[in-house]
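# Understanding the architecture of this molecule
These are the residues of each chain, in order.
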Amino acid sequence: MRKLETNDWIILNNIIYKIHTTDNFDEMRLDLLEQLKMVIDYDSADFFLASKEEGRLLCNPITYNCDMDLSEMYEDLDYSRGIMVSGKTLIYRETDIMSDEARVETDYYKKVYKPNNWHYALQIIIARHKKFLGTITFYRTIGKENFHYDDIFMLDMLKDHLAYRLEKYTLGLETSVEKMTISEAILKFELSKREATVLKELMLGKDNSVICEELFITINTLKKHILNIYRKMGIKNRVQLFKMVKENE
């Protein structure tokens, strides 16, 4: 196991500080993924919360270099589903629970990993008081070597802090978060120019038919833009959109 250098400790301490002090919960999650890039080598990552919806495990993804919401695929195909509901915080490489030869033959690998050019994964299941709270998965692209136990050690330093913050959020003990402006939403969720235009129209409360007329697009094209906006923002409908974004700048 590698010896942590002074710079590593500085980064870890800063991450821990931000876990507890960043008011906006989703901002904390995104910042966490970005900061961890400095101590763990990975190419993509996603951070899901435990869903309260019956029959579902995952919801509200925050992603790094991964635009797809893979929650439904994970729940249908993921062979680690049982680990999530164990009520224990666990950190593991996928090759620790299944041989590499076996996992590349699974539907999960073929439908989730291969299309994204991923091969190896490192996952942390976050739980507290025997309750599943969320999961973070880090991916390395095909051709790279597997994650090391040093990477597991890094996450082990953070697991209790994450579990405490997620439990607090789940129990509704977080302080209320002010809605973001339209411009802030466009920047934060990296919306395209066309998606930004559609978002502004939606926030004006316009019907789909009116938006189509003004932007000279078909209803199917509009629906695709709206679905992309919802996917990037981790929401499902306009009610959630208006709860997240201010109607006026």
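Residues numbered from 1 in each chain as written. Predicted model: local features only at pLDDT ≥ 70, side-chain atom pairs only at ≥ 80, totals over all residues. Heavy atoms only, no water.

### A few points about the overall build of the protein chain
Scanning the protein chain from terminus to terminus reveals 13 helices and five strands. Each of the 249 residues in the protein chain was classed as buried or not, and the buried ones make up 48%. Summed over its atoms, the accessible surface of the protein chain is roughly 13,200 Å², and 51% of this surface lies on carbon and sulfur atoms. (Helix = DSSP H or I, 4+ residues; strand = E, 2+ residues; numbered from the N terminus. Buried < 20%, exposed > 50% of the residue type's maximum accessible area, 1.4 Å probe, protein only. Areas by Shrake-Rupley, 256 points an atom, 1.4 Å probe, with all protein chains shown as cover.)

### A few points about unusual backbone geometry
For residues that are not glycine, phi is negative in most cases, and the peptide bond is trans in most cases. Positive phi values are uncommon outside glycine, yet Asn117 reaches one of about 65°. Mapped onto the fold, Asn117 is located in the loop between α6 (107–113) and β4 (118–128). We note that Glu190 has phi near 50°; this positive angle belongs to a residue other than glycine. You can see Glu190 is positioned in the loop between α9 (182–188) and α10 (193–203). On the basis of relative accessible area, Glu190 is assigned to the exposed category, the value being 63%.

### Topic: the confidence of the model for the protein chain
Close inspection of predicted coordinates is inappropriate in any region flagged by low pLDDT. When the pLDDT values of the protein chain are averaged, the result is 87; 89% of them are 70 or greater. Here helix α3 (residues 71–77) is the element of the protein chain with the lowest mean pLDDT, 57, and β4 is the one with the highest, 95. (pLDDT = per-residue confidence, 0-100.)

### Some words on helix α12 (residues 219–233)
In an α-helix, one full turn covers 3.6 residues, which means residues spaced three or four apart are oriented alike. Between its terminal C-alpha atoms α12 stretches 21 Å, which fits the 21 Å expected from 15 residues at 1.5 Å a residue. Within α12 the residues assigned to the buried category are Leu222, His225, Ile226, Ile229, Tyr230 and Met233. One face of α12 carries all of its buried residues, which in axial projection span an arc of 135°. Away from its buried face, by an angle of more than 90 degrees, α12 presents the exposed residues Asn220, Lys224 and Leu227. Of the surrounding elements, those touching the buried residues of α12 are α9, α10, α11 (208–215) and α13 (238–244). Looking at the residues trailing α12, positive phi occurs at Gly234, about 70°. (Expected span 1.5 Å × (residues − 1). Arc of directions from axis to C-beta. Contact = heavy atoms within 4.5 Å.)

### Thoughts on the side chain of Asp43
By secondary structure assignment, the location of Asp43 is in the loop between α2 (25–36) and β1 (44–50). A distance of 3.0 Å separates a polar side-chain atom of Asp43 from the backbone nitrogen of Thr141. Of note is the side chain of Asp43, whose polar atom sits 3.0 Å from the side chain of Lys144. If sequence neighbours within four positions are ignored, Asp43 has contacts with Tyr64, Asn65, Tyr139, Arg140, Thr141 and Lys144. (Polar contact = N/O pair within 3.5 Å; in protein donor to acceptor, adjacent residues only side chain to side chain.)

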